[in-house]
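Chain by chain, the residues run as shown.
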Amino acid sequence: MKGWAGETPETPEQFLAELERRAEADKARKVSSETPSGQPAHVSGWPEGVIARYLTVGGAKVDVTDTDEHPEAVCGGCPQTFTRNSRYISGSLDTVHRWAQEHAEKCRALPRPEAGGR
Ligand SMILES: [Zn+2]
């Protein structure tokens, strides 16, 4: 009997197999937590509607939201936002992601301290 309960695998092959097995189990868990519509489940800690976050060089976060087909990016450090009505080229979610990425690379504004934060 080769039960590994409470033991560490002895050979690199066993170790890799064990890692793979855990990765598979992890993947299965993630898939099952998704909603039937294929939308990713709400990620705890993120505001509702936020589908992506970009960390700025200043340590703030640029939140990308996609609600009611109006993709939007909002910087948590400075007043800048990117919306369909901005002076930038409006449109696709792709553009919003690109703006968020570029802004995150430049923005050095510090995030506002949150209540109960550091
Ligand atoms: Zn900013």
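This structure is a prediction, so every number in the text was calculated from the model and none was measured.

### Topic: the overall build of the protein chain
Line of reasoning, step 1. Broken down by element type, the protein chain carries two helices and four strands.
Line of reasoning, step 2. From first element to last, N terminus to C terminus, the protein chain shows the α and β order α-β-β-β-β-α.
Line of reasoning, step 3. In the protein chain, which comprises 118 residues, the share counted as buried stands at 16%.
Line of reasoning, step 4. A separation threshold of at least 6 residues defines the contact pool for the protein chain, and within that pool the share at least 24 residues apart is 42%.

### Description of the nonpolar core
Line of reasoning, step 1. Counting residues in each nonpolar core, the largest one holds twelve residues, listed as Tyr54, Ala60, Val62, Val64, Ala73, Cys75, Phe82, Val96, Trp99, Ala100, Ala104 and Cys107.
Line of reasoning, step 2. Within the residue set of this core, elements represented by two or more residues are strand 2 (61–67), strand 3 (70–75) and helix 2 (93–106).
Line of reasoning, step 3. In terms of residue count, helix 2 provides more of this core than any other element does, four residues in total.

### Description of helix 2
Line of reasoning, step 1. For helix 2, with 14 residues, the first-to-last C-alpha span of 20 Å sits near the 20 Å given by 1.5 Å per residue.
Line of reasoning, step 2. Among all positions in helix 2, only Val96, Trp99, Ala100, His103 and Ala104 are buried. Axial view of helix 2: buried residues confined to an arc of 130°, hence all on one face. Away from its buried face by more than 90 degrees, helix 2 exposes Asp94, Glu105 and Lys106.
Line of reasoning, step 3. Contacts made by the buried residues of helix 2 are with strand 1 (50–55), strand 2, strand 3 and strand 4 (81–82).

### Describing the environment of Gln101
Line of reasoning, step 1. Looking at the secondary structure, you find Gln101 in helix 2.
Line of reasoning, step 2. Looking at Gln101, the number of C-beta atoms within 10 Å reads 14, which means it is partly exposed.
Line of reasoning, step 3. As a C-alpha pair, Gln101 and Tyr54 span 47 residues in sequence and 6.3 Å in three-dimensional space.

About the cut-offs
Residues numbered from 1 in each chain as written. Predicted model: local features only at pLDDT ≥ 70, side-chain atom pairs only at ≥ 80, totals over all residues. Helix = DSSP H or I, 4+ residues; strand = E, 2+ residues; numbered from the N terminus. Buried ≥ 20, exposed ≤ 12 C-beta atoms within 10 Å, placed from the backbone. Contact = placed C-beta atoms within 7 Å. Core = buried A, V, L, I, M, F, W, Y, C linked by C-beta atoms within 7 Å. Expected span 1.5 Å × (residues − 1). Arc of directions from axis to C-beta.

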